[in-house]
Amino acid sequence: GFEVILASDGEEAIETTKKKRPDLVLLDIILPKKDGYEVLAELKSDEKTKNIPVVLLTNLESAEDIQKAIDKGATTYLVKSSYKLEDISKKLKEILG
């Protein structure tokens, strides 16, 4: 039930988000060119994209990783191995209202 726009690396994610202005960004941390933290920080520092919810979906699960993402403005942080696809979809729908 979602329209999805893909990006193959962090730089493309930033460019695409600024251009398309999606309702939500689903972002991994481990990405080529710019990691998810860099993407998140850049999106949150730009007037055009700062209010777009960013959900990190990753396998990194340390408290430090989670806190770093929240500090940089992530809406929420989901560990891939802890959620089924249906649960992720439900969470995204909740965020989108």
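If you're wondering where the values come from, they're calculated on a predicted model, not measured in any experiment. (Residues numbered from 1 in each chain as written. Predicted model: local features only at pLDDT ≥ 70, side-chain atom pairs only at ≥ 80, totals over all residues. Heavy atoms only, no water.)

I tried to follow the overall build of the protein on my own but got confused; where do I start?
Counting its regular elements, the protein contains four helices and three strands. Here the protein has a C-alpha radius of gyration of 12 Å; the compact-globule value for 97 residues is 13 Å, and the two agree. Along the three orthogonal principal directions, the C-alpha set of the protein runs to about 30 × 30 × 20 Å. Taken over 97 residues, the protein has a buried fraction of 35%. (Helix = DSSP H or I, 4+ residues; strand = E, 2+ residues; numbered from the N terminus. Rg over C-alpha atoms; globule rule 2.2 N^0.38 Å. Buried < 20%, exposed > 50% of the residue type's maximum accessible area, 1.4 Å probe, protein only.)

So what exactly am I meant to see when it comes to the side chain of Thr-76 here?
By secondary structure assignment, the location of Thr-76 is in strand S3 (residues 76-79). By relative accessible area, which is 15% here, Thr-76 ends up buried. Setting aside residues no more than four positions away along its own chain, Thr-76 makes contact with Val-54, Val-55, Leu-56, Lys-91 and Ile-95. (Contact = heavy atoms within 4.5 Å.)

Explanation requested: the packing of helix H1 (residues 10-20) against helix H2 (residues 36-45) in the structure shown.
Axis angle and axis distance: for two packed helices, these are the angle between their axes and the distance between the axes, and together they describe the pair. Packing of H1 against H2 leaves a shortest axis separation of 9 Å and a crossing angle of 25°. Here H1 lies roughly parallel to H2, going by the angle between them. Like other packed secondary-structure pairs, H1 and H2 cross with a definite hand, here right-handed. Residues Gly-10, Ala-13, Ile-14, Thr-17 and Lys-18 of H1 pack against Val-39, Glu-42 and Leu-43 of H2. (Axes fitted to C-alpha atoms, helices over the stretch in contact; angles between N-to-C directions. Parallel < 35°, antiparallel > 145°, perpendicular 65-115°, else oblique. Left-handed = near helix turned anticlockwise from the far one by under 90°.)

Before we go on, may I ask you to explain the nonpolar core in this structure?
One broad trend across soluble globular proteins is that nonpolar side chains are buried collectively. Of all hydrophobic cores here, the largest spans 16 residues; its most connected members are Leu-27, Val-54 and Leu-56. Elements supplying a minimum of two residues to this core: H1, strand S1 (25-27), H2, strand S2 (54-58) and S3. Filtering out sequence-adjacent residues up to four positions away, Leu-56 remains in contact with Leu-27, Ile-29, Leu-40, Ala-69, Ala-74, Thr-76, Tyr-77 and Leu-78. Counting residues in hydrophobic clusters, the runner-up holds six residues, among them Leu-24, Val-55, Leu-78 and Ile-88. (Core = buried A, V, L, I, M, F, W, Y, C linked by side-chain atoms within 4.5 Å.)

Help me understand the environment of Leu-40 in this model?
Residue placement: Leu-40 occurs in helix H2. For Leu-40, a relative accessible area of 0% puts it in the buried group. Between the C-alpha atom of Leu-40 and that of Leu-56, which follows or precedes it by 16 residues, the distance is 9.0 Å. With residues up to four places along the chain from it excluded, the contact list for Leu-40 reads Leu-27, Val-54, Leu-56, Ala-69, Lys-72, Gly-73 and Ala-74.

Whenever I open this one, the pairing of S2 confuses me. Can you help?
For a regular strand, side chains alternate in direction, first toward one face of the sheet and then toward the other. Extensive coverage of S2 is indicated by the burial of five of its five residues. Residues Val-54, Leu-56 and Thr-58 of S2 are buried on one face, and the alternating residues Val-55 and Leu-57, pointing to the opposite face, are buried as well. Here S1 runs beside S2; their pairing, made up of three bridges, is parallel. Across the sheet, Leu-26 pairs through a bridge with Val-55, a residue of S2. At this point the chain moves from S1, through H2, to the parallel S2, and the crossover so formed is right-handed. (Pairing = 2+ DSSP bridges. Right-handed = clockwise from strand over helix to strand, strands pointing away.)

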